[in-house]
Amino acid sequence: MKRVSLIFRAKADKALDRMEDPRETLDYSYKQQVEMLTRVKRGVADVATSRKRVELQMNALQKEINKRDTQARDALSKGREDLARAALQNKAQLQGQYTDLDAQFASLQEQEEKLTLAAQRLDSKVQAFRTRKETIKATYTAAEAQTRINEAFSGISEEMGDVGLAIQRAEDKTAQMQARAGAIDELLASGALEDHVSGGTDQIQAELDKIGAGTEVESELARMKGEIAASAPKQIEGNGAASPQQEAAPAEQQAGDGA
């Protein structure tokens, strides 16, 4: 089971590696970083909003504290110590609330500064990653195009391989058709095949050619016999006068040859 699991993971990793496009991976990583930066900036805005709300509350409390202080002074000036005491007690309560708000304000301001600094750093990293991402994508695209061009020139790419096979098949079929056409022409010329388009004309011509060839043979044979017959008397004269029977024999032989 461990071996099967290892083989499965290896094949899955190989398939994923073949399917993975570095440009898409870089774009996805950049998108994730931009979303993170957006969340950080949103956090900064939320903290700043809370800080501003606390600041408004502090301003309102400060106004109430100043108001109670003024009331206490007016009550004392008019001989109303009880009212002055009540105003000062209320002032003390408001002062305690102001102190709590001031602590919250300081904490929120510190958080806002930290988040702002983090957002600035993250923004710088995102921009640097974006520049590097575009550079890597451009380099990868150029390398991919160069690879395809080199494969096309060398004929090892899948597309060019299919084209080369198609050309080879076309050349083989063309050579086969040319050989077939030449063979048929030779068979038609030799008379082994009959030309159905022109009917029996070629067959008749072939018979006439045979007759003509036979006539030429007979004419050549007769010419050779005549030459032999013409040369025979000269040989006899050179050897002496021939007897009448010897002279008649060649004449009869010539007559027989002529027949």
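The rules we used
Residues numbered from 1 in each chain as written. Predicted model: local features only at pLDDT ≥ 70, side-chain atom pairs only at ≥ 80, totals over all residues. Heavy atoms only, no water. UniProt positions renumbered as here; feature names shortened; annotations may be inferred. Helix = DSSP H or I, 4+ residues; strand = E, 2+ residues; numbered from the N terminus. Buried < 20%, exposed > 50% of the residue type's maximum accessible area, 1.4 Å probe, protein only. Contact = heavy atoms within 4.5 Å. Expected span 1.5 Å × (residues − 1). Salt bridge = Lys/Arg side-chain N within 4 Å of Asp/Glu carboxyl O. pLDDT = per-residue confidence, 0-100. Phe/Tyr/Trp six-rings, centres within 6.5 Å; stacked < 30°, edge-to-face > 60°. Lys NZ or Arg CZ within 6 Å of the ring centre and 35° of its normal. Core = buried A, V, L, I, M, F, W, Y, C linked by side-chain atoms within 4.5 Å.

Looking at an unreviewed UniProt entry, one finds the chain named PspA/IM30 family protein, with Trebonia kvetii as its source organism. Within the UniProt record for the chain, the comment given under Sequence similarities (unreviewed entry) is "Belongs to the PspA/Vipp/IM30 family."

**Q** Is there a simple way to explain the overall build of the chain in this structure?
**A** When helices and strands are counted, the chain shows 6 helices and 0 strands. Listed by position from the N terminus, the elements making up the chain come as α-α-α-α-α-α. For the chain, the proportion of its 259 residues judged to be buried stands at 12%. Partitioning the intrachain contacts of the chain with sequence separation of at least 6 by distance along the chain shows that 77% fall at a separation of at least 24.

**Q** Help me understand helix α2 (residues 22–77), please; the structure alone is not making it clear to me.
**A** For an α-helix, the turn length of 3.6 residues means that residues three or four places apart are oriented alike. The first and last C-alpha atoms of α2 sit 82 Å apart over 56 residues, in line with the 82 Å expected at 1.5 Å per residue. Gly79 sits one or two residues past α2 and shows a positive phi near 80°.

**Q** Would you explain the environment of Gln127 in this entry?
**A** With respect to the helices, strands and loops of the structure, Gln127 is situated in helix α3 (residues 81–154). Taking the C-alpha atoms as reference, Gln127 lies 9.8 Å from Gln33; in sequence the two are 94 residues apart.

**Q** Sorry if this is basic, but what is going on with the pattern of salt bridges here?
**A** Pairs can form between side chains of opposite charge once their charged atoms are near each other. Under the counting rule described, the total for this entry stands at 16 salt bridges. Here Glu81 ties to Arg85 by a salt bridge, and the two come within 3.1 Å at their closest N and O atoms. In this pair, Glu81 and Arg85 are both assigned in helix α3, 4 residues apart and thus about one turn of the helix distant. Ionic contacts of the salt-bridge type, sharing partners, join the residues Asp27, Lys133, Glu134 and Lys137 into one network.

**Q** Could you clarify how one ought to interpret the confidence of the model for the chain in this entry?
**A** Considering every residue of the chain, the mean pLDDT works out to 79; 75% of them sit at 70 or more. α2 holds the highest mean pLDDT among the elements of the chain, 91, whereas helix α6 (residues 244–258) holds the lowest, 47. Contacts for the low-pLDDT stretch residues 241–259, under 50 throughout, to residues beyond four places or in other chains number 4 contacts.

**Q** Help me out: how do you make sense of the packing of aromatic side chains in this one?
**A** Enumeration according to the criterion identifies 0 aromatic pairs in this entry. Positioned over the ring face of Tyr30 is Lys133, at 5.0 Å from the centre of the ring.

**Q** Sorry, what's going on with the nonpolar core here?
**A** Within soluble globular proteins, side chains that are nonpolar generally end up buried alongside one another. Counting 9 residues, the largest nonpolar core consists of Val47, Val54, Met58, Leu61, Ile65, Leu94, Leu101, Phe105 and Leu108. Ranked by the residues each element gives to this core, the list is headed by α2, at 5 residues.

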